[in-house]
Amino acid sequence: MSIWSQPTGSLIVDPTPTIKNYARIAGDGYYIRGLLRTLWLSLATTALAALLALPLSWWIVRRAGRFRGLILTLVLIPMVCGALLPTLGLMNLLGPLGVINGTLKSLGLIDRSWKLLGNQTGILIGLVHAFLPLMVLPLVSALDRLPRDVEGAAMSLGAKRLQVWRRIILPLSAPGLIAGSALVFCAALTSFVTPLLLGQGKVATFATMAYQQASLVLDWPFASALAMVMLAILALIGTAAWGAQKWAAET
Amino acid sequence: MVPPPMTSYLKIDAIGKSYGTTRVLHDVRLDVAPGDFTVLLGPSGCGKSTLLRIIAGLLDSDSGKLVLQGDDITALPAWDRDIGLVFQNYALFPHMTVAENVAFGLDMRNLPKAEIKARVAEALDAVRLGDLGDRKPAALSGGQQQRVAIARAIAIKPRLLLLDEPLSNLDAVLRASVRTELRDLHDRTGITTIMVTHDQAEALSIADRVVLMNEGRIVQNDTPEGIYREPASAFAASFLGSPPANLFPLPTASAAQTTGWTPPPAVAGHLGTDALLALRPEALKLTEEPTPHALPAHLKRIEFQGADRLAHVEALGHPLIVRLSDDQTLTRPDVWLTLPDTPRVFSKTTGALIAPATKG
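Each value, and the rule that gives it
Residues numbered from 1 in each chain as written. Chains lettered and ligands numbered in written order. Predicted model: local features only at pLDDT ≥ 70, side-chain atom pairs only at ≥ 80, totals over all residues. Heavy atoms only, no water. Helix = DSSP H or I, 4+ residues; strand = E, 2+ residues; numbered from the N terminus. Buried < 20%, exposed > 50% of the residue type's maximum accessible area, 1.4 Å probe, protein only. Contact = heavy atoms within 4.5 Å. Polar contact = N/O pair within 3.5 Å; in protein donor to acceptor, adjacent residues only side chain to side chain. Domains from an automatic or database assignment. Buried area = accessible area lost by both parts, 1.4 Å probe. Salt bridge = Lys/Arg side-chain N within 4 Å of Asp/Glu carboxyl O. Pairing = 2+ DSSP bridges. Axes fitted to C-alpha atoms, helices over the stretch in contact; angles between N-to-C directions. Parallel < 35°, antiparallel > 145°, perpendicular 65-115°, else oblique. Left-handed = near helix turned anticlockwise from the far one by under 90°. Nonpolar A, V, L, I, M, F, W, Y, C, P; charged D, E, K, R; others polar. Phe/Tyr/Trp six-rings, centres within 6.5 Å; stacked < 30°, edge-to-face > 60°.

A. Here's a closer look at the overall build of chain A. Helix and strand counts for chain A stand at 11 helices and 0 strands. Overall, chain A shows an N-to-C arrangement of helices and strands of α-α-α-α-α-α-α-α-α-α-α. Each principal axis of the C-alpha atoms in chain A carries an extent, and together these give about 70 × 55 × 30 Å. Looking at chain A residue by residue over its 251 residues, the buried ones come to 44%. Within chain A, contacts between residues at least 6 apart in sequence are counted, and of these 70% link residues at least 24 apart.

What follows is the structure in structure tokens.
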């Protein structure tokens, strides 16, 4: 359908094959910027999630003991609630009159509200919050396979904490890190509710653009083309993750 | 008891450790002489592994001091201690080859490449794995993995080598040969070594000194022979030996009389008191005819163990195990049990040694 076209002002689809829709995406700065913005947000979400999930997963595997089940459940809750409820909750938390700004102001730490809604910061917070479990779960299962006492062995051989992470824990958690990164990146790329609500219509991402075209403009062929571009990126990420796993297994 | 060594290479000074309200080490004091092979022996939960981890720096003690070669290392982090550590589960780095594993500690010390290569080869040769450097640990047998772990620990030329139950994951045949190799390696390198084990036979066969621990305390620190022949407590007597010493509670004088037993003079005085005899199975003799001071006993069964035969008997209502000499045949169930003239007597309630009062 993405190679069909729809004349302006009409709802009738012309099924003559054309690359017009793709040319429009490539030629219009609005869509290219949207694409780059989406890629950037997804990348930042992945990086932040990895940064948070690594110590958290290590702690769950090595230190949580009998609280492990409870903590894993707490980590998973945002996922099983769907996208809408946690995002609405975050709006309360992040808004100019929300919990975070309210607390900081009443403590006298800031004079003016931080702008945490209607911009990329808010979306980033929402995305990391929503997709952290996708990073934690594969990491926990990768770290679970770490032989007991390897950290102790490394330290007794002269490795400081940072070297233990760099030389032992990170290489051994690479499969989990790659799988988690691919999952988080793809989820963030296609996420729709989070950027819509936390961006408050001021930050367009690829998913919200496709939504606009499909549901508001009713240009289905163009919406399909946008979706196809997203699909192509997903396929690319999938292939890259698969290649990276093979590479990690070999080295 | 052999007097403790004069020079102290490692001084463990009143180390205490608790987990919550459970005290796992009660102000433990121990001096380790240079070049010694010391074994920390005790049942599981006695605190021996905790003590080893504190020496390695992987655990912090609550109180006390560690002095290694005159340096106070109590607050030194594990990576600055120069102490080699070998774990029960090997803890090899699975993503590195054998040679990379052994080189790890040398890498951390930023040694020149050529020296690292030479020392890796030297360490692998010492454990006879010279040709397996390119393999990954997963491609090795359990015994080989254990030897890689040992090579990795000695490659850094540690000031102290710590072994945490190094043989427990190996099968019985391998265990005996790795045990001999460990002792050989120690004798060749001269590294002061502390090993933790719960296996008394392993401790007796490998150690210069056996440090017996129970419930967070050192109960005896002695040579293998000393701790076996002259246990300082009923616990020590019953923990060492296979089978361990029989703990035989003494009857009252009248009960002894009714069964027709005239105990040896060294024992007679303890009748009716809070006393136990610790009797090694090989120190007891069974005869079919009465001998002076022999105890009437009932033979229940003879267990064949190859080189040994163990007679299970009952005397005064208590089970005892007697090691039989090779040529002895017993045909009747009613036998006489001859005790050593001066057996070791312990308190039944505290387990403390009552007699002989001094060495001998």
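B. Highlighting the side chain of B:Gln220. Residues and elements named next belong to chain B. Checked against the element boundaries, Gln-220 lands in strand 10 (residues 217-222). Side chain to side chain, Gln-220 and Asp-222 meet in a polar contact 3.4 Å long. A polar side-chain atom of Gln-220 sits 2.8 Å from the main-chain amide nitrogen of Ala-232.

C. Structural context of the domain arrangement of chain B. Residue and element names in this part refer to chain B. Looking at the assigned domains, one finds that chain B contains domain 1 (10-239) and domain 2 (246-355). Each of domain 1 and domain 2 was reduced to a C-alpha centroid, and the two centroids are 39 Å apart. Each partner contributes to the interface: domain 1 provides 9 residues, whereas domain 2 provides 9 residues. Buried area between domain 1 and domain 2, summed over both chains or domains, comes out near 740 Å², and the portion from carbon and sulfur atoms is 54%. A per-residue breakdown of the area domain 1 buries against domain 2 is headed by Tyr-228, Ala-234 and Ala-237, which together make up 58% of the total. At the junction of domain 1 with domain 2, the criterion picks out 0 salt bridges. Put simply, the parts of the chain that give the side of domain 1 that touches domain 2 at least two residues each are helix 7 (224-229) and helix 8 (234-239). With 3 residues, the single largest contributor to the side of domain 1 that touches domain 2 is helix 8.

D. Looking closely at the sheet that holds strand 16 (residues 318-324) of chain B. Residue and element names in this part refer to chain B. On the basis of which strands lie adjacent, the open sheet formed by 5 strands has the order 13-17-14-15-16 and antiparallel pairing. Of all strands in the sheet, those with a lone pairing partner are strand 13 (285-287) and strand 16, marking the two edges. Taken over all neighbouring pairs, the strand axes of this sheet differ in orientation by 45° on average, direction set aside. Where strand 15 (residues 309-315) meets strand 16, 7 bridges bridge the pair, whose relative direction is antiparallel. Note on strand 16: the bridge partner recorded for Val-313 is Leu-320.

E. Expanded view of the packing of helix 2 (residues 29-62) of chain A against helix 3 (residues 68-80) of chain A. All names here are of chain A. Where helix 2 meets helix 3, the closest approach of the two axes is 9 Å, and the angle between their N-to-C directions is 155°. In terms of axis orientation, helix 2 runs roughly antiparallel to helix 3. The element helix 2 and its partner helix 3 pack so that their crossing is left-handed. Each of Leu-56, Trp-59, Ile-60 and Val-61 in helix 2 lies in contact with helix 3, whose residues at this interface are Arg-68, Ile-71, Leu-72 and Val-75. Each residue belonging to the contact of helix 2 with helix 3 can be placed in one class, and the counts come to 7 nonpolar, no polar and 1 charged.

F. Local environment of the packing of aromatic side chains. Residue and element names in this part refer to chain A. Inspection of every chain in the model, using the stated rule, returns 6 aromatic pairs over all chains. Each ring, one from Trp-58 and one from Trp-165, has its centre 6.1 Å from the other, and the planes form 55°; the classification is tilted. Here Trp-58 is found in helix 2, whereas its partner Trp-165 is found in helix 8 (residues 161-190), with 107 residues between them in sequence. Since its relative accessible area comes to 17%, Trp-58 is described here as buried.

G. Structural context of helix 10 (residues 206-216) of chain A. All names here are of chain A. Among the residues making up helix 10, those that are buried are Phe-206, Ala-207, Thr-208, Met-209, Ala-210 and Gln-213. On its buried face, helix 10 is in contact with helix 1 (20-27), helix 2, helix 8, helix 9 (193-199) and helix 11 (220-250). Immediately beyond the C-terminal end of helix 10, within one or two residues, lies Leu-218, with a positive phi of roughly 65°.

H. Layout of the packing of helix 8 of chain A against helix 2 (residues 98-108) of chain B. For the pair helix 8 of chain A and helix 2 of chain B, the least separation of the axes is 13 Å and the interaxial angle reads 150°. One element, helix 8 of chain A, and the other, helix 2 of chain B, form an angle in the roughly antiparallel class. Crossing of helix 8 of chain A over helix 2 of chain B shows right-handed handedness. Across the interface between the two elements, A:Gln163, A:Arg167 and A:Ile168 from helix 8 of chain A touch B:Phe104, B:Asp107 and B:Met108 from helix 2 of chain B. Class assignment for the residues of the contact of helix 8 of chain A with helix 2 of chain B results in 3 nonpolar, 1 polar and 2 charged.

I. Representation of the side chain of B:Thr192 within the structure. All names here are of chain B. Mapped onto the elements of the fold, Thr-192 is located in the loop between helix 5 (172-189) and strand 8 (193-197). At 2.8 Å, the side chain of Thr-192 and the backbone nitrogen of Gly-35 are in polar contact. Apart from the residues lying within four places of it in its own chain, the contact partners of Thr-192 are Tyr-9, Val-32, Ala-33, Pro-34, Gly-35, Asp-36, Arg-159, Leu-160 and Leu-161.

J. Geometry of unusual backbone geometry. Residues and elements named next belong to chain B. With an omega dihedral of -5°, the bond running from Ser-242 to Pro-243 counts as a cis peptide bond. Summarising the element assignment, Pro-243 is placed in the loop between helix 8 and strand 11 (246-249). Residue Ala-91 is not a glycine yet carries a positive backbone phi of 50°. In this structure, Ala-91 sits in the loop between strand 6 (83-86) and helix 2.

K. Seen up close, the pattern of salt bridges. Tallied over the full model, the rule gives 24 salt bridges over all chains. Linking B:Lys48 and B:Glu165 is a salt bridge whose minimum nitrogen-to-oxygen distance equals 4.0 Å. A residue pair is termed long-range when its members are at least 10 positions apart, and B:Lys48 in helix 1 (residues 48-56) and B:Glu165 in the loop between strand 7 (160-164) and helix 5 qualify at 117 residues. With a relative accessible area of 8%, B:Glu165 lands in the buried category. Two residues, B:Arg109 and B:Asp82, come together in a salt bridge whose shortest N-O distance is 2.6 Å. Note that B:Arg109 is positioned in the loop between helix 2 and helix 3 (113-126) and B:Asp82 in the loop between strand 5 (71-72) and strand 6, a separation of 27 residues in sequence. Several salt bridges converge on common partners, so that one network encompasses A:Arg148, A:Asp149 and B:Arg53.

L. Looking closely at the interface of chain B and chain A. Listed as interface residues are 21 residues of chain B and, on the opposing side, 19 residues of chain A. Taken together, both faces of the contact between chain B and chain A bury some 1,900 Å²; the carbon and sulfur share is 65%. Per-residue buried area on chain B facing chain A is highest for B:Trp79, B:His95 and B:Met108; these three make up 35% of the total on that side. Inspection of the chain B/chain A interface yields 2 salt bridges.

M. Representation of the environment of B:Leu276. Residue and element names in this part refer to chain B. Looking at the element boundaries, Leu-276 is found in strand 12 (residues 275-279). For the pair formed by Leu-276 and Asp-222, sequence separation is 54 residues and the distance between their alpha carbons is 22 Å. Residue contacts for Leu-276: discarding those within four places in its chain leaves Ala-234, Leu-247, Phe-248, Pro-249, Arg-344, Val-345, Phe-346, Ser-347 and Lys-348.

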